[in-house]
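Close look at the chain arrangement
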Amino acid sequence: MIQALLVGLWVTWAIIDEQTLQLQTTRPIITGTVVGIIMGDPLMGLLVGATVELMFLAVVFVGTAVPPDPTLSAAIATALAIATGAGIEVAIATAIPVALIGQAVTTLQFSVVNVFFMHQGDKAAAAGNSKRLMLHNVLPLAMNALFYGLPAFLAVYYGPQFVLPIIEAIPERVIQGLAVGGGMIGAVGFALLLKSIKATHLWPYFLVGFVAMVYLNLNLLGIGLVAVTAASLHAILSRSKSPEKS
């Protein structure tokens, strides 16, 4: 009970941190290690956290795109790996489905729950009610205990017999649909991001990155080196074109 409660509280805090302070406690490598310490196996927690971290290393929140949730995934994957004794193998097998479930929960939270509290906050601000406005800023954060902390608590408290049937009960088409839909939303997010950038002369650099990823099959390190090179050349050429100060 105590272990399940501590894991649920940690996941709740990590999500709140992601939405507010951004101290990076939400990262899988940190969450996995902390859950490992709580479960009595910090080494396995570190190994699972590092593995899940690599799986979600390139996942970012862009525009309206809601990525699979790595925090809930790392916490539950670590707990299952330690509880079953199967190690990293079971963690990898459960990480993606749990992350997709977290993605659906996050989408529900951001598109329905938070929107409701936002409108209530607008009404409180229009009425000059500062206490009610503060309340509608705090309540969405508290809801993370329901959306993320409770599933983590139940997963640890009831063990694999609680989590695995839920994952197996999800139709494969639903999981594939979530993955495809998430990719499409990601494209919309990048489109909105580009639309918000007024420096249209920088857009070709996005095209360079796209070509490097899709057609040249460069990994993240290679694309990073291309980005550094492009940024350096842009800075040098911009400096050479600017008028010299007398």
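Worth saying up front: this structure is predicted, and the values here are computed from it rather than measured. (Residues numbered from 1 in each chain as written. Predicted model: local features only at pLDDT ≥ 70, side-chain atom pairs only at ≥ 80, totals over all residues. Heavy atoms only, no water.)

This part is about the overall build of the chain. What the chain contains, in helices and strands, is 11 helices and zero strands. What you see in the chain, going N to C, is helices and strands ordered as α-α-α-α-α-α-α-α-α-α-α. Residues classed as buried in the chain amount to 35% of the 246 residues present. Counted over contacts in the chain with a minimum sequence separation of 6, partners at least 24 positions apart contribute 67%. For the chain, the accessible area works out to roughly 14,500 Å², and carbon and sulfur atoms hold 72% of it. (Helix = DSSP H or I, 4+ residues; strand = E, 2+ residues; numbered from the N terminus. Buried < 20%, exposed > 50% of the residue type's maximum accessible area, 1.4 Å probe, protein only. Contact = heavy atoms within 4.5 Å. Areas by Shrake-Rupley, 256 points an atom, 1.4 Å probe, with all protein chains shown as cover.)

A word on helix α1 (residues 2–19). If you check α1, its first and last C-alpha atoms are 26 Å apart, about what 18 residues at 1.5 Å a residue would give, namely 26 Å. What α1 keeps buried is the set A4, V7, G8, W10, V11, T12, A14, I15, I16 and D17. Its buried side turned inward, α1 meets α2 (28–39), α4 (70–84), α6 (130–142) and α7 (144–158). (Expected span 1.5 Å × (residues − 1).)

The next thing to look at is the nonpolar core. Counting residues in each nonpolar core, the largest one holds 35 residues, and the members touching the most others are V7 and V11. Of all elements in the fold, only α1, α2, α3 (42–55), α4, α5 (88–126) and α7 reach the threshold of two or more residues within this core. Among residues more than four places away in sequence, those in contact with V7 are V35, I38, A152 and V156. (Core = buried A, V, L, I, M, F, W, Y, C linked by side-chain atoms within 4.5 Å.)

Taken together, the side chains of L207, F210, V211, M213, V214, Y215, L216 and L220 define a hydrophobic patch exposed on the protein surface, amounting to about 800 Å² of accessible area. At five residues, helix α10 (residues 203–214) tops the list of elements feeding residues into the nonpolar patch. (Patch = residues over 30% accessible without salt bridge, like charges linked within 9 Å, V, L, I, M, F, W, Y side chains within 5 Å. Salt bridge = Lys/Arg side-chain N within 4 Å of Asp/Glu carboxyl O.)

In this section: the packing of aromatic side chains. Tallied over the full model, the rule gives three aromatic pairs. For the ring pair F116 and F117, a centre distance of 5.4 Å and an interplane angle of 70 degrees mean the geometry is edge-to-face. By relative accessible area, which is 46% here, F116 ends up partly exposed. (Phe/Tyr/Trp six-rings, centres within 6.5 Å; stacked < 30°, edge-to-face > 60°.)

A separate point is the side chain of D69. Its location among the elements puts D69 in the loop between α3 and α4. Of the side chains bearing the opposite charge, R27 lies closest to the buried D69, which forms no salt bridge; the N-O distance is 9.2 Å. Here T71 takes part through its backbone nitrogen, which lies 3.5 Å from a polar atom of the side chain of D69. Within the local environment of D69, its side chain forms a polar contact with the backbone nitrogen of L72, the two atoms lying 2.7 Å apart. Ignoring sequence-local partners within four residues, the contact set of D69 consists of I15, A99, G102, Q103, T106 and Y148. (Lys, Arg positive; Asp, Glu negative; His and termini not counted. Polar contact = N/O pair within 3.5 Å; in protein donor to acceptor, adjacent residues only side chain to side chain.)

This part covers the packing of α2 against α3. Viewed as axis vectors pointing N to C, α2 and α3 meet at an angle of 160 degrees, and their least axial separation amounts to 7 Å. With respect to each other, α2 and α3 are oriented roughly antiparallel. Handedness of the α2/α3 crossing: right-handed. Of the residues in α3, those in contact with P28, I29, G32, T33, G36 and I37 of α2 are P42, G45, L46, G49, A50, V52 and E53. (Axes fitted to C-alpha atoms, helices over the stretch in contact; angles between N-to-C directions. Parallel < 35°, antiparallel > 145°, perpendicular 65-115°, else oblique. Left-handed = near helix turned anticlockwise from the far one by under 90°.)

Turning our attention to unusual backbone geometry. Of note, the phi angle at Q22 is positive, near 55 degrees, even though the residue is not glycine. Position of Q22 relative to the elements: it lies in the loop between α1 and α2. Look at N217: it is not a glycine, yet its phi comes out positive at around 55 degrees. The topology assignment puts N217 in the loop between α10 and α11 (220–241).

Next up on the list: the confidence of the model for the chain. When the pLDDT values of the chain are averaged, the result is 79; 76% of them are 70 or greater. Across the chain, element-level confidence peaks in α2 with a mean pLDDT of 90 and bottoms out in helix α9 (residues 172–196) with 62. (pLDDT = per-residue confidence, 0-100.)

Another point: the pattern of salt bridges. One side chain can pair with another of opposite charge once the charged atoms of both are near each other. Summed over the entire model, instances satisfying the criterion amount to one salt bridge. The salt bridge partner of R27 is E53, with a shortest N-O separation of 2.6 Å. Placement of R27 in the loop between α1 and α2 and of E53 in helix α3 is noted, with a sequence separation of 26 residues between them. Exposure remark for E53: the relative accessible area of 12% places this residue in the buried category.

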